[in-house]
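Each chain is listed here by its residues.
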Amino acid sequence: MSIFEYNGSALVAMVGKNCFAIASDRRLGVQLQTISTDFQRIFKIHDKLFLGLSGLGSDAQTLYQRLVFRHKLYQLREERVMKPETFASLVSAVLYEKRFGPYFCQPVIAGLGDDDKPFICTMDSIGAKELAKDFVVAGTASESLYGACESMFKPDMEHEELFETISQALLSSVDRDCLSGWGGHVYVVTPTEVTERILKGRMD
């Protein structure tokens, strides 16, 4: 078993019309044994920027703390928050710095940039970025997430429809992966509000 699969995870970010959604499962396991059923994988950097970290749970928390530290330094120096594109470059640089002993994480970055244009991207454990215009996925359930998102996604969805789509994609995908699941955690972000919802899924 790969170290990336040790704790199990499912992460997906999806773009709508001037909004985006990011969702994760809630299970933390040690291989097939479930340890926690309310594990946090999605973190708020600021009101319009969210970071999801799949992979090894301990590395995800360490990396999140380092990124928050770097973002706070940026805020103090520049007196403004980071744009999503800038933050993606920061995450990439932090990961590449440790390329010979990497953080075993696959980040998903989602945010609203200039003119409230949604931005999503993912990268591997050494910071190679993959940008997308529709959706990005990460974690042990990524293969089934690709299939579900591919069939359910359509462009320019309003925030309520986007929530329904990402939730259905997540719940149907984690049912096909025994290392992730136990409900879901969904954030839908529009220029004016952030909606957080907890999904109930199969508890097995």
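Anything mentioned here points back to the structure above.
Below you will find a few notes about this structure. Just so you know, these numbers come straight off a predicted model, no measurement behind them.

## Considering the overall build of the chain
Across its full length, the chain holds four helices and twelve strands. C-alpha extents for the chain along the principal axes are approximately 45 × 40 × 25 Å. For the chain, the proportion of its 204 residues judged to be buried stands at 51%. A separation threshold of at least 6 residues defines the contact pool for the chain, and within that pool the share at least 24 residues apart is 62%. On the chain, roughly 9800 Å² of surface is accessible, and the fraction owed to carbon and sulfur atoms is 49%. Charge separation in the chain, taken as the distance between the mean sites of 22 positive and 27 negative side-chain charges, equals 5 Å.

## Focus: the sheet that holds strand β12 (residues 194-199)
Across the sheet, which stays open at both edges, the five strands sit in the order β10-β1-β2-β11-β12 with antiparallel pairing between neighbours. A single partner strand is all that each edge strand has here, and the edge strands are β10 (135-139) and β12. Averaged over neighbouring strand pairs, the angle between their axes works out to 10° when direction is ignored. Pairing geometry for strand β11 (residues 184-189) and β12, over six bridges, is antiparallel. Its bridge partner being in β12, Tyr187 is matched across the sheet by Glu196. Sheet contacts for helix α3 (residues 142-152): β1 (10-15) and β10; angle to β10, the most-contacted strand, approximately 160°.

## Remarks on the sheet that holds strand β7 (residues 105-112)
Overall, antiparallel pairing links the five strands, which are arranged β5-β6-β7-β8-β9 in an open sheet. Unpaired on one side and paired on the other, β5 (42-46) and β9 (129-132) mark the two borders of the sheet. Each strand of the sheet is rotated relative to its neighbour by a mean of 20°, with strand direction disregarded. Pairing analysis gives four bridges linking strand β8 (residues 118-123) to β9, with the strands arranged antiparallel.

## A look at the packing of α3 against helix α4 (residues 159-174)
Each pair of packed helices can be summarised by the angle the axes make with each other and by the distance between the axes. Contact geometry for α3 and α4: axes closest at 9 Å, N-to-C directions at 145°. Both α3 and α4 take part in a crossing whose hand is right-handed. From α3, Ser144, Leu145, Ala148, Cys149 and Met152 reach across to α4, where they touch Thr165, Gln168, Ala169, Leu170, Ser172 and Ser173. Considering only residue class, the contact of α3 with α4 consists of six nonpolar, five polar and no charged.

## Things to note about helix α1 (residues 57-78)
For α1, with 22 residues, the first-to-last C-alpha span of 31 Å sits near the 32 Å given by 1.5 Å per residue. Regarding α1, the residues found buried are Gly57, Asp59, Ala60, Leu63, Leu67, Val68, His71 and Tyr74. The buried side chains of α1 occupy one side of the element, clustering within an arc of 165° when seen end-on. In α1, those exposed residues whose orientation departs by more than 90 degrees from the buried face are Gln65, Phe69, Lys72, Leu76 and Arg77. Where α1 is buried, its residues touch β5, β6 (49-55), α2 (84-97) and β7. Of the residues one or two after α1, Glu79 is the one with positive phi, at around 60°.

The rules behind each value
Residues numbered from 1 in each chain as written. Predicted model: local features only at pLDDT ≥ 70, side-chain atom pairs only at ≥ 80, totals over all residues. Heavy atoms only, no water. Helix = DSSP H or I, 4+ residues; strand = E, 2+ residues; numbered from the N terminus. Buried < 20%, exposed > 50% of the residue type's maximum accessible area, 1.4 Å probe, protein only. Contact = heavy atoms within 4.5 Å. Areas by Shrake-Rupley, 256 points an atom, 1.4 Å probe, with all protein chains shown as cover. Lys, Arg positive; Asp, Glu negative; His and termini not counted. Charge placed at Lys NZ, Arg CZ, Asp CG, Glu CD. Pairing = 2+ DSSP bridges. Axes fitted to C-alpha atoms, helices over the stretch in contact; angles between N-to-C directions. Left-handed = near helix turned anticlockwise from the far one by under 90°. Nonpolar A, V, L, I, M, F, W, Y, C, P; charged D, E, K, R; others polar. Expected span 1.5 Å × (residues − 1). Arc of directions from axis to C-beta.

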